[in-house]
Each structure stands twice: as structure tokens, then as C-alpha cells.
Amino acid sequence: MYKVVISGTGLFTPPHAVSNEALVAAFNQYVADFNAAHAVQIAGGEIAALTESSAGFIEKASGIKQRYLMDAAGVLDSRCMAPRLPERDNDVLSVQAEMAVAAAREALQRAGRSAADIDMVIVACSNMPRPYPALSIEVQQALGISGYAFDMNVACSSATFGIQTAVGAIASGQARAVLMVNPEICSAHLNFRDRDSHFIFGDACTAVLLERADLATAAQRFEVVDCKLATLFSNNIRNNFGFLNRCDERGIGAPDKLFMQQGRKVFKEVCPMVGEHIVAHLDSQAIQPGDVKRFWLHQANLSMNQLIARRVLGRDADTTEAPVILDRYANTSSAGSVIALHLHHEDMTAGELGVLSSFGAGYSVGSVILRKC
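Criteria and cut-off values
Residues numbered from 1 in each chain as written. Predicted model: local features only at pLDDT ≥ 70, side-chain atom pairs only at ≥ 80, totals over all residues. Heavy atoms only, no water. Helix = DSSP H or I, 4+ residues; strand = E, 2+ residues; numbered from the N terminus. Rg over C-alpha atoms; globule rule 2.2 N^0.38 Å. Buried < 20%, exposed > 50% of the residue type's maximum accessible area, 1.4 Å probe, protein only. Contact = heavy atoms within 4.5 Å. Areas by Shrake-Rupley, 256 points an atom, 1.4 Å probe, with all protein chains shown as cover. Lys, Arg positive; Asp, Glu negative; His and termini not counted. Charge placed at Lys NZ, Arg CZ, Asp CG, Glu CD. Pairing = 2+ DSSP bridges. UniProt positions renumbered as here; feature names shortened; annotations may be inferred.

**Side note on the overall build of the chain**
Helix and strand counts for the chain stand at 10 helices and 13 strands. In summary, the chain has a C-alpha radius of gyration of 21 Å against a globular reference of 21 Å for 373 residues, a match within 12%. A principal-axis box enclosing the C-alpha atoms of the chain has dimensions of 70 × 55 × 35 Å. Counting the 373 residues in the chain, one finds 53% classified as buried. Contacts spanning at least 24 positions in sequence make up 78% of the contacts within the chain whose residues lie at least 6 apart. Accessible surface, the chain as shown: approximately 16400 Å² in total, 52% of it carbon and sulfur. Within the chain, the 38 negative side-chain charges are centred at a point lying 3 Å from the centre of the 32 positive side-chain charges.

**With respect to the pairing of strand 7 (residues 203-212)**
Burial analysis of strand 7 places 10 of its 10 residues in the buried class, the great majority of the element. The pairing of strand 1 (residues 4-12) with strand 7 spans eight bridges and is classified as antiparallel. Paired with V4 across the two strands is R212, which belongs to strand 7. Where strand 6 (residues 177-185) meets strand 7, nine bridges bridge the pair, whose relative direction is antiparallel. The partner of I185 across the bridge, within strand 7, is D203.

**Topic: unusual backbone geometry**
Of the consecutive residues Y132 and P133, the connecting peptide bond is found in the cis state with omega at 0°. As for its position among the elements, P133 is in the loop between strand 4 (120-124) and helix 5 (135-143). The residue after G362, namely Y363, is reached through a cis peptide bond having omega -5°. Among the secondary structure elements, Y363 is positioned in the loop between strand 12 (353-360) and strand 13 (364-372). We note that A330 has phi near 60°; this positive angle belongs to a residue other than glycine. On the accessibility criterion, A330 (0% relative accessible area) is buried.

**Observations regarding the UniProt feature "domain: Beta-ketoacyl-[acyl-carrier-protein] synthase III C-terminal" (unreviewed entry) in the chain**
When the UniProt feature table is mapped onto this chain, "domain: Beta-ketoacyl-[acyl-carrier-protein] synthase III C-terminal" (unreviewed entry) is found at residues 282-371. Counting secondary structure, residues 282-371 comes out at 30% helix and 24% strand; the distance between its end C-alpha atoms is 13 Å.

Okay, structure coming up:
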């Protein structure tokens, strides 16, 4: 069995930064238009008036201050409130593949590798552009990689599950190196007309290059000490969009075809689940939580991360121990924890430990213990 290292990471950041204030202005305009158009029904008690949002409410509820979007104009248009991403011809590189290629190239460059060194490509993210052909195979072709590729989806935990899958392939000798990519256009499945969630997500793409430790030459490398995954079925985070929607016209355009969650239940149930998962994982490797230099946690909600870190460490973690990137990027689903790793690792020295952890719909939780080489 071969030892495995992460030898490179990459990040694609979309071109449009959208502040809470800009998002709120569009949402509140929608609220004003809706309430004016339904004034009679509201006065008669037939429907409830919509409530405005505020930048202060968003930051207090989530810790988010802005997000990056693939398209801002459509989202900030109160008559549209969705990204405008025109369909491309089938022979043109898809939007998500374009994002993936950009992040992948940075990961390859950091690892000192080329397409010829890669045997396997995994695209792991919350939403794919189509059922088939696989997005991963499109990315594989665009980069000129031989071998094989496949897609996988474990919602916000997709990156850690993808890393475990890559580690298994490399450790067993099936692949020398694996490119694992997380292209997330979360804005496309977000209901920007829902006050409780219109601010949650942003868009981004990350890439992780994993390879045999004995072949790696990159200056910055992390040995994968161990991976641990767990799932537990829950309806508290759900998106019912799918190919069967056309089979029942009553559901077309319904709110459940976009992101939905019962936030309080998610907070109450997921935080202890993740905290216990990480503690048990460290214990299985005879590692004390206090010996971990850095926790790169899924970036969904600041309070969630603070509570999870407190459960693991037995005290509050500072932002050096548990870096925060959701204030700038918002929740980018599977990409979030990898963004934290990508931006906050170069100060670590040989032998120091870190934990990459993601969690979300499913429920699903994954953790990867890393040691700086």
C-alpha cells in the first residue's frame, strides 16, 4: 500500500463580488413589489406580507459579508433573482468544466505536475450540469488527461468523500495521481426570494491533486494520515430538482426544486454529529485535539464552526486554528473547506497536523487528517 500526499491545491474565484448590502437591496425591492401587487389579499388576510431583509441580519445569522457569483446582474435584478447563465452549444466547454479546468491548472502547477502524470479525475460537487456525459470526463478531455474519470455527489461533503476515494485508488496502486475537483455554482440552486436563505451561498471551484508520496516533488505537501466518513439520512436539507420532475407537472417551479433547509434543526443535529466525528477520528489515530495545528472546516455558518471547534478542543478556537473564509466567499458547498486549506496552510511546518472536515446534506460528514511533510 502506497502512502498518499496532497501535493497541490487550486482555486477559481468568480468575477463578481456581491456584498450583503447589494443583495439586500434587490431582495427588499422584490418584497416591496410583491407586497404592493398583493396589497388587497394582504389586507384581507389571504396571504402574509413579505418581510424585508438587512445586511446586519445576514451577518449576525451567518457571519457572511459578501459572496462571489458567476453572474451578479440576474441575481440583483428583482424581476429575475437568479443567475443568467446562457446554455452553451454541446461542443463548447461547459461553465462548470471551465471553472474546474482553471482550478485544476493551478493545482497541477503547484504540484509540479502535468496532465501526463494524472491517471484519474474525480469531479465531486453538489450539483452537476447534466446526468451525462459525466462532467469529470469533459474536464479530463479539456486538460488532456488519460486514464478515467467519474462524477460523485455527497452535497457539501463531496470534497472529503472525493479525497477518500482518491486515496483508496492511489494507495492500492490503481493510480499514480488523482485530480479531485469541486466546481460549485451554488447560486443556481438558491432561492433568492427566500429571506431565510437568500444570502447563504456563493460560487467557487477548488481542486486537489493527490499522488503517491514516493513520487511527489512539490515544496508544499501534506501526507494523508487517515480519512473517516459517515452518513445519516435526513430531510432537513433537501433539493428535489431532478429528471423525474417533468413526470408530475404539479411540482414544476415549486420551492422544493431549489435549496431548502430547516436551519434550526440542522444546527442542532449537525454540530454535535461533526464534533463527535472529528474527536473519534483523532482518537482512532491516538491524536489529541490540542496537538492539531489547524482545522479547515466546512464554511457554512460561523456559529456552527465555532461550536464544532469548541466541542473538539474543549475551548474556543481562534481564527488561526480554524480559519474563516465564508465572510468573503459565503457557503460554497464542497469547495469551502478546501478554500480554507488552499489559503491557510503555508505557515505550517513539517510534522504539524491539520484536519480537513466537511459536512452537510445527507446528513454527511467527512474528515481527513493531514500531516505537513
